[in-house]
Amino acid sequence: MMLRAGTAVTCLACRSLLSPRMGLRVGVPVQKLHPLSRAIHHRYSNANAQRTPHRTAARHFTSLSRLPPRTHKYRYGGQGGHGYQQHRTFWVARLATRLLKLRYLVLGSAVGGGYTAKKTYEDWKDSLPDLSEYTWVVPDFVWELSEQIDLEKLASALPELPDAEELAKLIPDLEKIGENFTFLKGLLSTGMGLVSEVNGASGLRLLLESPADSALNAPEAPVAAATAATTAASAESGGDKQYKKTSDKEKIDQLQEELLRSQMKYQRMLERLEKENKELRKVVLQKDDKGIHQRKVKKSLIDLYSEVLDILSDYDSNYNTQDHLPRVVVVGDQSAGKTSVLEMIAQARIFPRGSGEMMTRSPVKVTLSEGPHHVAMFKDSSREFDLSKEEDLAALRHEIELRMRKSVKDGQTVSAETISLSVKGPGIQRMVLVDLPGVISTVTAGMASDTKETIFSISKAYMQNPNAIILCIQDGSVDAERSIVTDLVSQMDPQGKRTIFVLTKVDLAEKNLSSPSRIQQIIEGKLFPMKALGYFAVVTGKGSSSESIDSIKDYEEDFFQGSRLLRDGMLKAHQVTTKNLSLAVSDCFWKMVRESVEQQADAFKASRFNLETEWKNNYPRLRELDRNELFEKAKNEILDEVISLSQVTPKHWESILQKKLWERVSTHVIENIYLPAAQTMDSGTFNTTVDIKLKQWTDKQLPHKALEVAWETLQEEFARFMAEYKGKDQDDIFDKLKEAVKDESIKRHKWNERAMDSLRVIQHNALEDRSITDKPQWDAAIQFMEETLQSRLKDTESVITDMVGPDWKQRWMHWTNRTPEQHVRNETKNELERLLKLQEEHTAYLANDEVTTVRKNLEARGVEVDPVLIKDTWHQLYRRHFLQKALGHCNLCRRGFYYYQRHFVDSELECNDIVLFWRIQRMLVITANTLRQQLTNTEVRRLEKNVKEVLEDFGEDTEKKTQLITGRRVQLAEDLKKVREIQEKLEAFIEALHKEK
C-alpha cells in the first residue's frame, strides 16, 4: 500500500498544476512514490508535450501582478522649469495622493488576489475525483488498526515503561506508521486524487472503481468492469495507435492482475505490521501491572459477558424472562467444516476430529478473548491448557471428547448439555461462539432413532433467540441442493438480519465445479432461498488433522492469491479468508450486544421484583436459603445425629443385641437342636447330639447371624436418634434428604470380615463350656428356659386354635362358627389327643399304621380326612405336649443344682436341658458384649465416616440435591438467587461496556 510513501505523497505532475505563488507546498521526490504513481507521472509528462499545461489557465493578472515599467518624461523632460516648479509647488498634495493610492492598491491587490487564488484552488480541487468510494481497496484491518491504536500516545508512553530500550527493539517505528496511517486515511476519506487530469489515468480509475455496495455484499464485478472499460476506451481515444489496438478485455485483465498484485503486496505489508503489533500488544498486556489497563478492561469485558451466559444456561426461566442475550451460533450440515472455522477463529485446533463421523455431540460454548498467552480453560476447572504445546492440545481435545460422551445419556447420541470453554490469546477477536452438533438428514446405524429431531430442536432453541448471530456454514465441495441447514436457517431468520453465510472448502469447489460462476451465485445470495447479512468464502486446510493453524493460513492465502475467483472479480478481497470473517463476526457480535444488553437487564430487574414480592408474602419470617445453603444446614444436623450414637451406654447396647440375637436364633435352637436332642433315650446321647449340632451351627450360621443383628441394631439406633432429634425447630424439608443419606450410608457400610472370624472362635468357646459355677447361674438358666418354652407354647396354642377354630364358649359369645376344614381338624385333634393320653411317652412322629387307625376311626364317625392333615395336626399337638412336659421338668430341676455338681450320680433326675440353655444364654451374653465393643470402637466411627462421604457426594451431585430438597420455597429461593446474580453481572458488564466506549 501507500503506507511507506511518506506523509504527503504527490507527484511532479500534480505540482505542475499549482502556481509557485499559491502558497501550497508539496515536496516529495518522485523516487519515493509507488511504481504505479511514477508510471502515471511519466505518462502525464508525455501528454503535456502535446497540450497546454494547466498552470497557464491559472495565470490571471491582478493587482498583485507586477506592473509595467513607468517612464518619467515629466521629471526631466522638455518643460523643465515649469514642470519642476509645479512639482515643487504641489509636492505635498502629490505625496498625499501617492500614499492614498498605494493604500488602495495594497488593499485591492490583497482582496482580489486572495479571491483569485481561492477560486483557482477550488477549481483545481473540484477537478479531482472523489476517492471516498474506493476505501474498499484498503483492507478493513487498516482502518480498525488506526482507530484502535493511538500510536502517537503509545510512542510517547513507551519511554516511561521499565526496560524501554528492550521494548523499543521489539516494536516498529510508530511515528512512521502513524504518519502512513494518517496520510492513507486522509487520502481516501477527503477525496485527494493524483490522476484525474491525466489522459492515461483511466487504467487507475478502473483499478479503484467499485459499486457502492454494503461492506459485506458481493460486488457487481462484470458491470463495474464493463463500465470501467468503456471509460478507459473513451479516455484513451487520443492515445498512441499501439494502445488503441489493444482490446478492452486485455486491458481489463491487465488491470485486474495489477490490482491483485497490489492487494497481495499490501496484504503482506499489513500482515507484517499486524505481527509486529501483536508482539507489541503481548508486551503491553504483560506490563499491565505497571499501569497499562486499557487491554485489561477489554479482556475482562468478554469474561463478564461469558459469566452471564453461563448463569443463564442453568437458569430455569420463569415469569416470561427469557435469555435473549447475543451469542454467535455456529450451525451447519455434518462435516461441513463448522469446527474447522471455529478453530481458525480461535487460532488453535482444540476440537476432537473424526473422518466423516459425528464428533460434536453436545453444544460447546467457546469464549474468545485477548490475552498475553494462548491458553484454554474449562469453566468448572482451574487447569490451563497451553495451546502452543501439542501435548496440551491433545489433552484438551481428549478432555472435550470425554465431557461430550459423559453428557450423553444411555440410549442417546447427542446431548443438550453445554460444555463451557474459554480461549485466550494475543490478537484473538473477542466474542462468544456456540458450536452445535451438525445437522443430519438420515439416522445411521448406531444412532438413537430420535437423533435427527434432537439436533433440530437443539439448533432451533439456540437460533430462536432474536439476538443470536447465526453463522451458517455451507460445504462448498458438495452440491448446494443437498444442504439442509440453509432451510433451517431461513425458517429462523427469514429476513437474514442476523445471519452470516460462510462457504467452506472453496478450493475443492473451484476444482470440482465446471462453472465457477455458481460460487459467485452462492456468495451473492442468489442460489439459496435464505438471506444473509454477509457472505464469506474460506479455506480451512487440505483436510488433514495434522495441519497447523499457520500452515492452513498460508495455504488459504496462497489459494486466494492464485484463484480465478478473486482475479475475475467473482469475489471481493474483504469476503475471503477466515481472518476477515472473524473481524466481521466480532463487529456484528458487539453491535448486537450493545443494542440488547440493557433491555435484558431491565427484564431481569422486573423479574427480581416479582420474586421478592412472592417471598415476602409467603415466607415473611424465613431466610432466603437456596438449595445449597439448605443442604449445608441439613448436613450439620445429620452429623450431629451421628455423633449422638457415641452416647449410647454399653448396657443398652448389650441388652438390645442380646434380645435381638435370641429372637433371630431361638427358632433354630428349639427346632433344630433342643427338640431333636430331647427325643434321645439317655443323657449321653442328648449331650452328643447337642454338641454336634452346636458345632455345625457355630461354623456355618451363628457368626453371620450375629453380625446381621449387630448391623441392624446400629441402623435402628441411628434411625431412632434421627427421629428423636426432630423437634419444633426441625424443618420437614430435610426428611427426604436424611432418609436418603441413612439408606446410602447403610448400603455402603460393610462389616469388617476379620470380626466374623474372631467372633466365631469366641462363640465356639462359649458354647463348649458346660460348667455352671453357682446357684444363681443355675436359676438364671432355668428361668431363661422357662421363658423360652412358655413363649413357644403360647405360639403353639395359637396355631392349634387357628387350625380347629373357636371353641364352644367363643361360638356362643361371638356368634362365630367353624369352617368345614376347621371341623375336620377339630375331629382329628380330638382323636390324636386320645392317642397321646394313652401313650404319653410317644415319639415325635406317627407311624403309618397309627395314621391309618386314626383315619379309619374318623371315617367311622363320618369324617373324611387326608393323611397329610393328620400328620400336620399331630406335629402341633405333640409340640404342645412336649413343651408342657418340658416346663414341668424345669420345675423339677430347680432343686437339681446339687445333683448337677455331683454329675447326677445316684440320682434319677437329669437336667441336661438346663445345661444346654445355660450354654446358649452364656453364648448370647458373650456375643452381645463382643458386638458392643466392635460397634462402639469401630463401626460407629466407620458409619460416621460413611455418612460424611455420602453427604460430600450428594453435595457435589446437583441433580441429587434437586431430587432430595424440593418444594416451592426452595425453587423460589433458587430463582431469586439466580436472578439477583444475573442482574448484578449484567450491571457490572454494562458499566464496563460504557467505560470501554
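Computed from a predicted structure; not experimentally measured.

### With respect to the confidence of the model for the protein
So, point 1. Here the protein averages 75 in pLDDT, and 70% of its residues register 70 or above.
So, point 2. The spread of mean pLDDT over the elements of the protein runs between helix α11 (residues 202-208), the lowest at 31, and strand β1 (residues 328-332), the highest at 92.
So, point 3. Taken together, the stretch residues 1-87 has pLDDT below 50 and engages in 93 contacts with residues farther than four places along the chain or on a different chain.
So, point 4. Counted against residues more than four places away or in other chains, residues 289-299, with its pLDDT under 50, gives 15 contacts.

### A look at the environment of H764
So, point 1. On the secondary structure map, H764 appears in helix α30 (residues 753-768).
So, point 2. A sequence separation of 70 residues divides H764 from L694, and the C-alpha atoms of the two residues are 8.3 Å apart.
So, point 3. With sequence-adjacent residues up to four places away left out, H764 is seen in contact with K695 and T698.

### Regarding helix α19 (residues 485-492)
So, point 1. Considered for burial, the residues of α19 that qualify are V485, T486, L488 and V489. For α19, the arc enclosing every buried residue in end-on projection is 160°, short of the 170-degree limit, so these residues lie on one face.
So, point 2. Here the buried face of α19 lies against β1, α18 (451-463), β7 (469-475) and β8 (499-504).

### Digging into the packing of helix α27 (residues 683-700) against α30
So, point 1. At a minimum axis separation of 9 Å, α27 and α30 run at an interaxial angle of 165°. By the criterion of interaxial angle, the relationship of α27 to α30 is roughly antiparallel. Both α27 and α30 take part in a crossing whose hand is right-handed. Of the residues in α30, those touching α27 at L694, K695, T698 and D699 are R760, Q763, H764 and L767.
So, point 2. A breakdown of the residues in the contact of α27 with α30 according to their chemical character gives 2 nonpolar, 3 polar and 3 charged.

### Quick notes on the state of the cysteines
So, point 1. Scanning all chains against the criterion turns up 1 disulfide.
So, point 2. Between the sulfur atoms of C893 and its disulfide partner C911 the distance amounts to 2.1 Å. Since a negative S-S torsion denotes a left-handed disulfide, the C893-C911 link at about -100° is left-handed. Here C893, found in helix α35 (residues 867-893), pairs with C911, found in the loop between α36 (897-901) and α37 (912-956); they are 18 residues apart in sequence, far enough to count as distant. The residues C893 and C911 share a single accessibility class, namely buried.

### Side note on the nonpolar core
So, point 1. Ranked by internal contacts, the top residues of the largest apolar core, which has 101 residues, are Y674, W697, W778, I914, I920 and V947.
So, point 2. Of all the elements, α37 adds the most residues to this core, at 17 residues.
So, point 3. Each residue touching W778, except ones within four places of it in the same chain, is listed here: I772, C893, R894, G896, F897, Y900, F904, C911, I914 and V915.
So, point 4. Core analysis: the second largest hydrophobic core is formed by 60 residues, L309, A336, L393 and L421 among them.

### Digging into the packing of aromatic side chains
So, point 1. Applying the stated criterion across every chain, the model contains 16 aromatic pairs.
So, point 2. Relative to Y619, the ring of W615 has its centre 5.0 Å away and its plane inclined at 50°; by these criteria the two rings are tilted.
So, point 3. Classification of Y619 as buried rests on a relative accessible area of 19%.
So, point 4. Three or more aromatic residues joined by ring pairs make a cluster, and in this case those are W662, Y674, F784, F882 and F917.
So, point 5. In this structure, R403 packs its charged tip against the face of F378, placed 4.0 Å from the ring centre.
So, point 6. Here the guanidinium or amino end of K961 rests over the ring plane of F631, the centre of that ring lying 5.7 Å away.

### Concerning a negative patch on the surface
So, point 1. On the surface, E949, E952, E956, D957 and E959 cluster together to form a negatively charged patch.
So, point 2. Examining the composition of the negative patch, we find that 3 residues originate from one element, α37, more than from any other.
So, point 3. Looking at the secondary structure, you find D957 in the loop between α37 and α38 (958-964).

### Here's the deal with a nonpolar patch on the surface
So, point 1. A surface patch of nonpolar side chains, about 490 Å² in accessible area, is lined by W808, W812 and M813.
So, point 2. Structurally, the position occupied by M813 is in helix α32 (residues 808-814).
So, point 3. Look at M813 and you get exposed, because its relative accessible area is 59%.

### Side note on the sheet that holds β1
So, point 1. Read across the sheet, 9 strands follow the order β4-β3-β5-β2-β6-β1-β7-β8-β9 without closing on themselves; strand pairing throughout is mixed. Whereas interior strands pair on both sides, the edge strands pair on one side only; in this sheet they are β4 (385-386) and β9 (534-537).
So, point 2. Relative to β8, β7 runs parallel, the two sharing 6 bridges. Looking at the pairing, Q474 lines up with L503 of β8.
So, point 3. Strand contacts of helix α16 (residues 338-346): β1, β2 (364-370), β5 (419-425), β6 (431-435), β7 and β8, with the helix running at about 160° to β6, the strand carrying the most contacts.

### Comments concerning the environment of T873
So, point 1. Structurally, the position occupied by T873 is in helix α35.
So, point 2. Given the relative accessible area of 3%, T873 is considered buried.
So, point 3. With residues up to four places along the chain from it excluded, the contact list for T873 reads M803, R825, T828, K829 and L832.

### Some details on the packing of helix α26 (residues 650-678) against α35
The description of two packed helices rests on the angle between their axes and on the distance between the axes.
So, point 1. Interaxial distance between α26 and α35 falls to 12 Å at its minimum, and their mutual angle equals 70°. The angle between α26 and α35 falls in the class roughly perpendicular. Here I670, E671, Y674, L675 and A678 of α26 come into contact with α35, specifically with R879, F882 and A886.
So, point 2. Looking at the contact of α26 with α35 residue by residue, the class counts come to 6 nonpolar, no polar and 2 charged.

Scoring rules and cut-offs
Residues numbered from 1 in each chain as written. Predicted model: local features only at pLDDT ≥ 70, side-chain atom pairs only at ≥ 80, totals over all residues. Heavy atoms only, no water. pLDDT = per-residue confidence, 0-100. Helix = DSSP H or I, 4+ residues; strand = E, 2+ residues; numbered from the N terminus. Contact = heavy atoms within 4.5 Å. Buried < 20%, exposed > 50% of the residue type's maximum accessible area, 1.4 Å probe, protein only. Arc of directions from axis to C-beta. Axes fitted to C-alpha atoms, helices over the stretch in contact; angles between N-to-C directions. Parallel < 35°, antiparallel > 145°, perpendicular 65-115°, else oblique. Left-handed = near helix turned anticlockwise from the far one by under 90°. Nonpolar A, V, L, I, M, F, W, Y, C, P; charged D, E, K, R; others polar. Disulfide = S-S within 2.5 Å. Core = buried A, V, L, I, M, F, W, Y, C linked by side-chain atoms within 4.5 Å. Phe/Tyr/Trp six-rings, centres within 6.5 Å; stacked < 30°, edge-to-face > 60°. Lys NZ or Arg CZ within 6 Å of the ring centre and 35° of its normal. Patch = residues over 30% accessible without salt bridge, like charges linked within 9 Å, V, L, I, M, F, W, Y side chains within 5 Å. Areas by Shrake-Rupley, 256 points an atom, 1.4 Å probe, with all protein chains shown as cover. Salt bridge = Lys/Arg side-chain N within 4 Å of Asp/Glu carboxyl O. Lys, Arg positive; Asp, Glu negative; His and termini not counted. Charge placed at Lys NZ, Arg CZ, Asp CG, Glu CD. Pairing = 2+ DSSP bridges.

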